[in-house]
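What follows is the residue order along each chain.
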Amino acid sequence: SDLNPVAVLINKAMIEIPPKFAGKPPVNPESCKDKKLFEREWKGAQGLAEDVRYYGKWMRDEAERRIGHLYPKVEVTKKMVKERPDLKKKYEGRELTVIGWIWARTVKSPNPAFADVDVPLASTFMLSIKKGKEAYVEPVIEGNSYRFTVKAGKPKDANKTKAGTSAGKRKAFLCLMSDVPVSYDHIRSEGKAGRMGERLMAIVAEGDRGRVYLSPTEEMVEIANQAIPAWRPDNELPVNPRDFKTPNYGLMTFGDLFTSRQLVALTTFSDLVQKTREKVIVDAKEAGWQDDETKLDGDGIGGTAYADAVGVYLAISISKAADRGSTICGWDNTRDSMGHTFGRQAIPIVWDFVEANIFSNSTGGMTNALKQTVKAIQPIASHILGTVTQSDAQSQSISLNKIVSTDPPYYDNIGYADLSDFFYVWLRCSLKPVYPNLFATLAVPKAEELVATPYRHKSKEQAESFFLDGMTQAMRRLAEQTHSAFPVTIYYAFKQSEAKGSDGVASTGWDTFLEAVIKAGFAITGTWPMRTELANKLI
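One structure accompanies this document, and this report is about it. (Residues numbered from 1 in each chain as written. Predicted model: local features only at pLDDT ≥ 70, side-chain atom pairs only at ≥ 80, totals over all residues. Heavy atoms only, no water.)

As for a positive patch on the surface
Worth spelling out the cut-off: Residues with no salt bridge and a relative accessible area higher than 30% make up the patches, which join like charges within 9 Å and nonpolar side chains (Val, Leu, Ile, Met, Phe, Trp, Tyr) within 5 Å. All accessible areas in this document rest on Shrake-Rupley with a 1.4 Å probe, and a residue is counted as covered only by the protein chains that are shown. For this document, the term salt bridge refers to a Lys or Arg side-chain nitrogen within 4 Å of an Asp or Glu carboxyl oxygen. Neither His nor the chain ends is counted toward charge; the positive residues are Lys and Arg and the negative residues Asp and Glu. Charge placement uses NZ in Lys and CZ in Arg. For Asp and Glu, CG and CD serve respectively. Going along the chain from the N terminus, every DSSP run of H or I of four or more residues is numbered as a helix, and every run of E of two or more is numbered as a strand.
Together, K89, K90, K130, K133, R209 and R211 make up a positively charged patch on the protein surface. Along the chain, R211 falls in strand β12 (residues 210-214).

Right under this line is the structure:
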């Protein structure tokens, strides 16, 4: 299958686990209690999907019982209404569910006169630009300090509000207190010295028909500061300046990509996977399942293995929540919605980010993550058992006499192993007891990954040589083992192109890959362009 544990787990979730339990009814008490529901025909993975829904909700509710106090509702007070008359008619005196908190990163002002002031690095002060629903942040300077207030409607100076404190891409930011330039060099220096912080700019709440933007309150900041994580992933981020920007600013580990409250939430949910799994075992036995206590990793098909399977999908749901639950998630003021960590295959620095309420029903909440996971499981109908293994393409033997269709790494385009660590650190927390061998290492294996990344080698030439030699060996294994009566299909996406020469545009990645294929003993019978993604998706 793959050497990357995250990729292996995804494959297991799609083609190995569902057929083991195909056609079986759910075991949760809610479904078992309803005779009509229990006796209906459960096709494919529908029963498994129903249990993931039920136990996912139980896990979410149990997490809220433990840490829900860190995610309070916001009361629209008379004081708020005095500043915002538009709130009076609909919301005065009401408590609204918070969707997220929008924070701006801060550094000390480079102006000696304000050296003790943490000034905001805000890419924009516009919260919503939807017609008729505009909202924005207005900074109010008071002596040697400042505060943020949120207003509805169009700002007087639209261009200034849109720019936030940004001075342009190359010029970085301006000091809010003095308009002195805040250079990238200064920001990097402050970040690496541990002096980069964050300041709450706005609260986003659920309204009757859309979002309600509110000014930050001291109470909300104090509650956020109460979060003290018992654990944080201390795996270091790679020194790969092309795809990983945060180390430039002092965010050196994967744990640094999350707020304390986000770390508490993700740790709580990860810990609850095993508690939920124990609950599934008990309920499976009550539902009449036999259980020899053989685990899923040991080819079990009884109650214990089934509980492991449910745990896998719950852990994947936590991964989806993590993608929406880091400080790399920006606020999209065109859609009134939050972005996610992997808007592309990289981890950039995001200056003003949204911290989602993991207990809300909106994007970024666990309910939404579970819903997407269940939706993906439901249509899986195969009764044909598949087997997924972790193996190195250069030495694997599973392709012997098989029909091979493969999607190898793309030269230096994407550092899959480095990026996968973002999810691996949380999956390992949840699933090491389920797959002890798959999650045996502290991080995703990288030394053997067939990508031409210069930062792992001494030069670009050595990186290319590593890729060519390794890919040739991997292709040779396929050429020697694949079934001789059928062609091998290889999907190779590559977007990078070099400068035009006399022969047109050259692509080192494509040329090097084809060279490896030919050296391995294959004869190329044809190449075809294929669209494998939606036009608005990454490739």
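So that's the structure; there's more coming.
Focus: the pairing of strand β15 (residues 352-356)
As a reminder, the rule being used: Think of it in three bands: residues with accessible area under 20% of the maximum for their type are buried, residues over 50% are exposed, and the middle band is partly exposed, with areas taken using a 1.4 Å probe on protein chains only. Strands are labelled as partners when DSSP assigns at least two bridges between them.
Counting buried positions along β15 gives five out of five residues, so the element sits mostly inside the fold. Both faces of β15 are covered, namely the face carrying D352, V354 and A356 and the face carrying F353 and E355. Across five bridges, strand β3 (residues 98-108) lies against β15 in antiparallel orientation. Counterpart to W103 in the pairing with β15 is F353.

Considerations on the packing of helix α11 (residues 303-323) against helix α13 (residues 416-431)
Operational definition: Axis definition: a line fitted to C-alpha atoms, over the contacting stretch in the case of helices. Angles run 0 to 180 degrees between N-to-C directions. A crossing counts as left-handed when the near helix is turned anticlockwise from the far one by less than a right angle, and as right-handed when that turn is clockwise. Here, residues are in contact when the closest pair of their heavy atoms is within 4.5 Å. Residues were grouped as follows: Ala, Val, Leu, Ile, Met, Phe, Trp, Tyr, Cys and Pro as nonpolar; Asp, Glu, Lys and Arg as charged; and all remaining residues, including Gly, as polar.
Put simply, α11 and α13 touch, their axes get as near as 9 Å, and they point 145° apart. With respect to the hand of their crossing, α11 and α13 are arranged in right-handed fashion. On the side of α11, the interface is formed by G311, V312, A315, I316, I318, S319, A322 and D323, while α13 contributes F422, F423, W426, L427, S430 and L431. Taken together, the residues of the contact of α11 with α13 break down into 10 nonpolar, three polar and one charged.

Brief notes about a nonpolar patch on the surface
A surface patch of nonpolar side chains, amounting to about 270 Å² of accessible area, comprises I10, M14 and I15. Topologically, I15 is positioned in helix α1 (residues 5-20). A relative accessible area of 43% places I15 in the partly exposed class.

Quick word on the pattern of salt bridges
Counted under the stated rule, the structure contains 26 salt bridges. Here R60 ties to E64 by a salt bridge, and the two come within 2.7 Å at their closest N and O atoms. In this pair, R60 and E64 are both assigned in helix α4 (residues 46-67), four residues apart and thus about one turn of the helix distant. Taking relative accessible area as the criterion, E64 reaches 35% and is therefore assigned partly exposed.

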